[in-house]
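Report on the structure
The chain contents come next:
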Amino acid sequence: MARRIDRTERTVRSLAFVLCASFLALWPAATLSQEPPPIEHPPPHSPREAEKLFKVPDGLEIHLVASEPELSQPLSISFDDRGRMWVLEYLQYPIPEGLEPVEVDQYLRTRYNTVPKPPPHGPKGRDRISIFDDADGDGRSDTVKRFVSDLNLASGMALAGDGVYVVQPPYLLFYPDRDHDDLPDSDPDVLLSGFGMDDAHAFANSLTWGPDGWLYGAQGSTVTANIRGIEFQQGVWRYHPQTDQFELFAEGGGNSWGIDFDQFGNLFAAGNTVEPLVHHVEGAYYVKGFGKHGPLHNPHAYGYFLPVKHHGYAGDSLTGGAVIYQGGAFPPRFDGACIAPNTRHSASRWSTLETAGSTFATRAAGDFITTSDIWFRPVDSTVGPDGALYVADWYDYNISHSNPQNRSKWYMPSRGDGRVWRVAPARLQPVRSRAIDLAERDGGELVELLAHPNDWYARQARRILAERRDLSLMPRLENIALTAENQRLALQALWSIYVIGGLDDQVATLDSPHEYVRAWTVRLLGDSRAVSATVHPKLVQMARDETSVVVRSQLACTAKRLPAEQAIPIVRHLLTHDEDAADLHVPLLVWWAIEDKAVAHPALALDLVVSPDAWRLPLVEQFIAERLARRYAAEGTQDSFEACAKLLALAPSQADTDRLVAGLVAALSGRRLESVPEPLAAPLAKLLHGRGHDPGVLQLALRLGHAQALDLAAELIHDRSLDDGSRVALVQTLGEIRAESTLDRLLELLDAGGPDQLVSAVVAALGHFNDGRVAEALLAAYPTLGGEPRSRVVQLLCGRREWSARLVEAVVAGQIDPAAVSVDQVRQVLDHGDGRIAELVGRQWGRVQPSTPAETQGRITAILQMLARAAGDAAAGAPVFEKSCATCHKLHGRGNTLGPDLVGAERLDREKLVRNMVDPSAVVRQEYIAHVAVTVDGRVLTGLLAEAAPETITLLDAKNERTVLRRDDVEELRESPLSLMPDRILDELTDQQIRDLVAYVQSQTDPSPAQAAASGAGAGQ
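Residues numbered from 1 in each chain as written. Predicted model: local features only at pLDDT ≥ 70, side-chain atom pairs only at ≥ 80, totals over all residues. Heavy atoms only, no water.

This next bit is on the overall build of the chain. In terms of regular secondary structure, the chain is built from 32 helices and 37 strands. When the 1021 residues of the chain are sorted by exposure, 60% land in the buried category. Restricting to contacts in the chain with at least 6 residues of sequence separation, those with at least 24 account for 67%. (Helix = DSSP H or I, 4+ residues; strand = E, 2+ residues; numbered from the N terminus. Buried < 20%, exposed > 50% of the residue type's maximum accessible area, 1.4 Å probe, protein only. Contact = heavy atoms within 4.5 Å.)

As structure tokens, then:
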């Protein structure tokens, strides 16, 4: 039994550690310049007191099921087939027992001195799996039994008929209990090894039985797994207990925590995204925090999926442990709804699911659980056999830990707290433990349970059917699958057929009237990674004639898994569905199926576009042609360049050729080949002969190493008859390939002037040349430049030591207004470590140093007091936001996503909002940490790591401008402790502008355009 911690001790401990960072697989770690001062908080409540403070929707009640001291730090809840509640208690979090940290980075990724042996041979921790028995059915647990203790950061469990599956990185384990005495029969079987151990807040988690009999799990963001040669940082994976197969189901998706399936078997993961859910489909790629986690393991994905689009207030980006409610006991408005813990806000919220083509969107419906007790921390939820929702409450004020650079200050959670709550209609009776025993029911009774209104029974029945594999049930199941008018029931029968091993080549369900039955039949047939000669023609025919985008989406996923000779005919027909060009998933799914075969089987892939009619298909025009050319050029082999040449020869129009050229240019972005590859010599010569002045063709020639193209490009950038966009593109290319022979022409263009867009591009291009003439020319041109080019000149000059000296000298001499150089830029020039620069900075700006904690807190307090004295006008704040914040942040559809989208931020907490504005570097979400790149010739650039390709990296600066650098030119790439958001952003605003800005940022809806326009006239006064 866990030790009960004295309330006073815990409160003192909590006051000492007010921290901002990661929790479980939910929180992004924080980079801290200093720890904020302690914040007073209310004391914890007893379970009885806490229960009185909850608010739940009309028609529902919330009551306690279990609590401390019997329960501590509940992480995951599950119910067995006898109705008993099992809880995984994460008492060892966050540091494993018996391992010595060798290295810890700012993301909390830790390298240990050894890989622990599996239990019971490795170090014994404090985690445990407990069974809570409600023998009298009053909704409160009467007894608790420990199934297994001494686990060491065990982060997920799934119950089976004869044991328990446990994920304890680096292992997936199975604890057998074949005599059902609630104790393991032996040491666990080690099923898998290689899950990442870098960070306990992102461990493999959420073991969940899929409808297909596979065991699914998620992995968070800051760990790296390598299982049977499959490496990944984050994603959804699956393991088949009977076949011992392991697969990465989908890669990316954020810091995932929690998996659930809807009534049609769609897989949703929750976690740390602004939107509540990510809809994972087979073989897909999802967004990652690329600077923190590295690129997708397929560098040729050329795109990725985002979380489902959410409409309405999200509360915060922490939704781990969400469920799609299918319990059948709540008021009908909750059927199929997403109910998600909102841990940081001490709440749970619910959203409705809406179809969006082949995927989904969510819409905020309201609060589900709220309380004034800030110690309430819901981290997981599940539906029980009674249809009630059971919520695991971590119950702790502090849900995070301190700066990882000082591990001695890591916050250790209180060891005595933890609660499970039950949310249900008032008259819904709990299921008394052992009143049901599904394992004792025969096959016919289990089949009947597939239609139960509480999906918990259907899930249990399918699992038991999978373990028994009773083929005698096939006729009954086939009849249901083929004749049931209810799509859910037909699906349940299909899944049951599959899990007992009865799916064969005679699959009449491919002709089912239900779209999800057809889609799942396609998916299940693809599990073998090849289909029979009987099935394949049917899949090809479906790809041609299928009317459901859901089925076509699955056909694309399955095609990626099949051999090329089976996949390409399916893809050929999928390309003909023009309506799918607007779908959020299908175009990329089709591309990924092609990409998987393109290099190994170029003849088959190119055969897709042999016909001129194929090039007119919207999917080919908009998504495939350019990507296919890019893929072959990126491969960089003789065969792949020959494929590029064949593509160029097949293109039936100039527009098609332009798309191919754009793909080739994208593949060579940031670099230049030594010479034109032989297979492309003739096609390039033909292009230059007919379209030598075309900027796209010229960019390609420059990157392919065509010598004569340099002179022509240097002339064209001065051609005022050419549109500005084309001139900008050529200027950018000349800068990236760093052709010294064109430097003089770029300098001449700077003197010639032009629109700000072009001049800014020239300034950026000059930054690639380490030549003293550049700084001289930029300073000479500075007085004649517009505002944006001037800003870029200052930023560029800060990047090299010699240029920084010239910049500071110009300021001291009065040639440049000191106000044009920000405090952050002054610090940047000082970072060069040049004594002359330091002396001049001291003369002009005095001592430049970060604000002290007292100064920062004083500024925060002053602004909060000012805000309290008068109200702001949200409409008037809209143009202030556009000017001050929208370059980086998006809110109400305005702005960019260089920084976090503010819709899901904690913007309603005024103190936190002001603190982030005044001291933006105090806490930086990991996906928005800036990187500093130092080139071999001494240039220093700072920005977000927008892309990390095999040959290049791309930085996105605070002006939302991209700089592509060749990896060979980068001497050092490191994370910056400073936010891209500048300090003292509020100092340039009046008090009323600050009030208006805060009012706008805290507004739930955007002021009307008319209001914003009317208020905008006076916004700058």
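Next, the rest of the story.
Here the structure, examined in full by the defined rule, presents 30 aromatic pairs. When the centroid spacing of 4.4 Å and the interplanar angle of 50° are considered together, the rings of Phe334 and Trp350 count as tilted. Residue Phe334 is located in the loop between strand S23 (323–324) and strand S24 (338–342), and its partner Trp350 is located in strand S25 (residues 347–356); the two are separated by 16 residues in the primary sequence. We note that Phe334, like Trp350, is buried. Through a chain of ring-to-ring contacts, the aromatic side chains of Tyr325, Phe330, Phe334, Trp350 and Phe368 assemble into a single cluster. The lysine or arginine in question, Arg419, covers the ring of Tyr395, its NZ or CZ lying 3.6 Å from the ring centre. (Phe/Tyr/Trp six-rings, centres within 6.5 Å; stacked < 30°, edge-to-face > 60°. Lys NZ or Arg CZ within 6 Å of the ring centre and 35° of its normal.)

Let us now look at the side chain of Arg238. You can see Arg238 is positioned in strand S17 (residues 235–240). Within the local environment of Arg238, its side chain forms a polar contact with the side chain of Asp212, the two groups lying 3.1 Å apart. At a separation of 2.9 Å, a polar atom in the side chain of Arg238 contacts the side chain of Tyr216. (Polar contact = N/O pair within 3.5 Å; in protein donor to acceptor, adjacent residues only side chain to side chain.)

Where helix H15 (residues 638–650) contacts helix H17 (residues 678–691), the two axes come as close as 8 Å, and the packing angle between them is 25°. The angle between H15 and H17 falls in the class roughly parallel. Read as a crossing pair, H15 and H17 show a hand that is left-handed. In this structure, H15 contributes Gln638, Phe641, Glu642, Cys644, Ala645 and Leu648 to the contact, and H17 contributes Glu678, Pro679, Leu680 and Pro683. Grouping the constituent residues of the contact of H15 with H17 by class yields 7 nonpolar, 1 polar and 2 charged. (Axes fitted to C-alpha atoms, helices over the stretch in contact; angles between N-to-C directions. Parallel < 35°, antiparallel > 145°, perpendicular 65-115°, else oblique. Left-handed = near helix turned anticlockwise from the far one by under 90°. Nonpolar A, V, L, I, M, F, W, Y, C, P; charged D, E, K, R; others polar.)

A word on empty space enclosed by the protein. Taken as a whole and judged by the stated rule, the model has 8 cavities of 30 Å³ or more. In this structure, the largest cavity encloses a volume near 650 Å³. Listing elements by their share of the lining of the largest cavity, those giving two or more residues are strand S3 (74–79), strand S9 (156–160), strand S13 (205–209), strand S19 (255–261), S23, strand S27 (378–383) and helix H5 (455–468). Taken together, the residues that form the lining of the largest cavity break down as 15 nonpolar, 14 polar and 5 charged. There is about 210 Å³ of room inside the second largest cavity. When contributions to the lining of the second largest cavity are tallied by element, the ones reaching two or more residues are strand S21 (278–280), helix H8 (515–526) and helix H10 (549–561). Counted by class, the lining of the second largest cavity contains 9 nonpolar, 7 polar and 2 charged residues. (1 Å grid on protein atoms, 1.4 Å probe; cavity = no way out; pocket = protein on both sides within 12 Å on 5 of 7 lines; lining within 4 Å. Points joined across faces, edges and corners; volume = space filled by probe spheres on them.)

Now for the sheet that holds strand S20 (residues 267–272). Overall, antiparallel pairing links the 3 strands, which are arranged S19-S20-S21 in an open sheet. On the outer flanks of this sheet lie S19 and S21, each paired with one strand and no other. When the angles between neighbouring strand axes are averaged without regard to direction, this sheet yields 35°. (Pairing = 2+ DSSP bridges.)

This next bit is on the environment of Asp367. By the element assignment, Asp367 lies in strand S26 (residues 359–369). Classification of Asp367 by relative accessible area gives partly exposed; the value is 43%. Once the C-alpha coordinates of Asp367 and Ser351 are considered, the two residues, 16 residues apart in sequence, prove to be 9.0 Å apart. Side-chain polar atoms of Asp367 contact the side chain of Arg349, separated by 3.0 Å.

Right, let's talk about unusual backbone geometry for a bit. Across the junction of Glu68 and Pro69, the peptide omega takes the value 5°, indicating a cis bond. Assignment of secondary structure puts Pro69 in the loop between strand S2 (61–67) and S3. For the bond running from Pro119 to Pro120, omega is 5°, close enough to zero to count as cis. Look at Ser206: it is not a glycine, yet its phi comes out positive at around 60°. By the element assignment, Ser206 lies in strand S13. For Ser206, a relative accessible area of 13% corresponds to the buried category. If you check the backbone angles, Arg529 has positive phi at about 65° while not being a glycine.

The element strand S18 (residues 245–251) is extensively covered by neighbouring structure, given that 5 of its 7 residues are classed as buried. Direction of pairing for S17 relative to S18: antiparallel, over a ladder of 6 bridges. Bridged to Gly235 within S18 is Glu251. Linking S17 to S18, which pair antiparallel, is a turn of 4 residues; within it Asp244 sits at a positive phi near 60°.

Ordered by their spatial adjacency, 4 strands build an open sheet running S3-S4-S7-S8, and the pairing between neighbours is antiparallel. With partners counted over all chains shown, the strands left at the sheet margins are S3 and strand S8 (143–151), one partner each. Adjacent strand axes in the sheet meet at a mean angle of 20° when their direction is disregarded. Where strand S4 (residues 85–89) and strand S7 (residues 127–133) come together, 5 bridges link them in antiparallel fashion. The partner of Leu88 across the bridge, within S7, is Ile129.

With that settled, consider the environment of Ala154. Relative to the assigned elements, Ala154 resides in the loop between S8 and S9. For Ala154, a relative accessible area of 0% puts it in the buried group. Put simply, Ala154 and Ala204 are 50 residues apart on the chain and 9.1 Å apart in space, counted from C-alpha to C-alpha. When neighbours within four sequence positions are excluded, Ala154 is seen to be in contact with Leu75, Leu88, Tyr90, Asp127, Val166, Val167 and Gln168.

Now for the pairing of strand S35 (residues 952–956). Across the 5 residues of S35, 5 count as buried, placing the element largely inside the fold. Residues Thr952, Thr954 and Leu956 line one face of S35 and the alternating positions Ile953 and Leu955 line the opposite face, and both faces are buried. Sheet topology note: the strand S34 (residues 940–948)/S35 ladder contains 4 bridges and is antiparallel. Paired with Ala948 across the strands is Ile953, a residue of S35. Linking S34 back to S35 in an antiparallel pair, the connection comprises 3 residues. Direction of pairing for S35 relative to strand S36 (residues 962–966): antiparallel, over a ladder of 5 bridges. Within S36, the residue paired with Thr952 across the bridge is Arg966.

Before going further, it helps to spend a moment on the pattern of salt bridges. What the rule picks out here adds up to 59 salt bridges. One salt bridge in this structure joins Arg801 and Asp834, with 3.0 Å as the shortest N-O distance. Highlighted residues: Arg801 in helix H25 (residues 801–812) and Asp834 in the loop between helix H26 (823–830) and helix H27 (835–845), separated in sequence by 33 residues. Overall, the relative accessible area of 18% leaves Asp834 in the buried class. (Salt bridge = Lys/Arg side-chain N within 4 Å of Asp/Glu carboxyl O.)

Glancing now at the side chain of Arg561. Tracing the sequence through the fold places Arg561 in helix H10. One polar contact links Arg561 to Glu247, side chain to side chain, over a distance of 2.9 Å. There is a polar contact of 3.4 Å between the side chain of Arg561 and the side chain of Glu282. Setting aside chain neighbours within four positions, we find Arg561 in contact with Arg238, Glu247, Glu282, Gly526, Asp527, Arg529 and Lys597.

Within helix H6 (residues 474–483) the residues assigned to the buried category are Met474, Leu477, Ile480 and Ala481. The arc enclosing the buried residues of H6, seen along the axis, measures out at 130°, which places them on a common side. Opposite the packed face of H6, turned more than 90 degrees from it, sit the exposed residues Pro475 and Thr483. (Arc of directions from axis to C-beta.)

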